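If you want the building blocks of each chain, they are given just below.
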Amino acid sequence: MVSSLIMLHQHHAPQCHLSTITPSIQSRILVLSHVYQVFSKSPSASSCLFSDILGSVLDMVKRASSFPLSEGSIHLQLDALSLSLSKACPMGLILYEILQNVIQHAWPQRDGAQLKVHLSAISTTQSRLVIEDSGPGMPHDWSLDDHLGLQLVDLMAQQLDAQWSFKPSSGCLFELIY
């Protein structure tokens, strides 16, 4: 997975020297490390709680952010759903990419910015993750080809056999059905 991340970075910015993209790669590898750490502390050898993965990734994004993220600005509504390791790694990277995007683009734009994360079971075999912010939303002319993080979201969603989308809201709404 690590070599795939490096190759994806180099493909996205072939003219860049590896040293200029190293911090980005390191952050994504750190996410995987956090996922494995959560898994190692889980009482079950075969799964961990989604909320534990989210908590770890959210803490990582908060520490790296230069914008204040108060607890009152983050609203979590999470069903107690478990993830296998094969789903936890791609989900950790998806969470990182979307949350990092919120912090970079929604938070600096608005005083009193809000982040909502909702996870629910749709059925015994499907779940729905929604991440919504109160920022300016996605540009109407955005393209997947222009955003390395979203390309990674797309690849990870494929690994989960999931469908994802952005929808207009009072900011931006990301939805993942897996």
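In what follows, the structure referred to is the one given above.
Here is what the cut-offs are and how they apply
- Residues numbered from 1 in each chain as written.
- Predicted model: local features only at pLDDT ≥ 70, side-chain atom pairs only at ≥ 80, totals over all residues.
- Heavy atoms only, no water.
- Helix = DSSP H or I, 4+ residues; strand = E, 2+ residues; numbered from the N terminus.
- Core = buried A, V, L, I, M, F, W, Y, C linked by side-chain atoms within 4.5 Å.
- Buried < 20%, exposed > 50% of the residue type's maximum accessible area, 1.4 Å probe, protein only.
- Contact = heavy atoms within 4.5 Å.
- Expected span 1.5 Å × (residues − 1).
- Pairing = 2+ DSSP bridges.
- Salt bridge = Lys/Arg side-chain N within 4 Å of Asp/Glu carboxyl O.

> Just to check I follow, could you spell out unusual backbone geometry for this structure?
Glycine aside, residues mostly have negative phi, and peptide bonds are mostly found in the trans state. A positive phi angle is found at D161, which is not glycine, with a value near 55°. Of note, D161 is situated in the loop between α5 (148-159) and β6 (163-168).

> Would you mind showing me how to read the nonpolar core here?
For soluble globular proteins, the rule of thumb is that nonpolar side chains tend to be buried together. Residues L95, L129, F174 and L176 are the most contacted members of the largest nonpolar core, which totals 46 residues. It is helix α4 (residues 85-106) that provides the largest number of residues to this core, a total of twelve residues. Leave out the neighbours within four places in its chain, and L95 touches F50, I53, L54, V57, L129 and I131.

> Would you explain α5 in this entry?
Given a rise of 1.5 Å per residue, twelve residues ought to cover 16 Å, and the 17 Å separating the end C-alpha atoms of α5 matches this to within 8%. For α5, every residue scored as buried is listed here: L148, G149, L150, Q151, L152, V153, M156 and A157.

> In this structure, what is going on with the pairing of strand β4 (residues 115-121)? I would like to understand it.
Sheet faces and side chains relate simply in a regular strand, where the side chains alternate between the two faces. Sheet topology note: the strand β2 (residues 74-78)/β4 ladder contains five bridges and is parallel. If you follow H75 over to β4, its bridge partner there is K116. Direction of pairing for β4 relative to strand β5 (residues 127-133): antiparallel, over a ladder of seven bridges. Each bridged residue has a counterpart across the sheet, and for H118 the counterpart in β5 is V130. Hairpin connection of β4 to β5: five residues between the antiparallel strands.

> How do you make sense of the pattern of salt bridges when you look at a structure like this?
Once their charged atoms are close, side chains differing in charge can pair, the charge on each being opposite to the other. Applying the stated rule across the entire model yields three salt bridges. Across the salt bridge formed by E175 and R128, the nearest N and O atoms sit 2.4 Å from each other. Of this pair, E175 sits in strand β7 (residues 172-177) while R128 sits in strand β5, and the two are 47 residues apart along the sequence. Given a relative accessible area of 28%, R128 falls into the partly exposed group. Across the pair K167 and E175 runs a salt bridge whose closest N-O atoms are separated by 2.7 Å.

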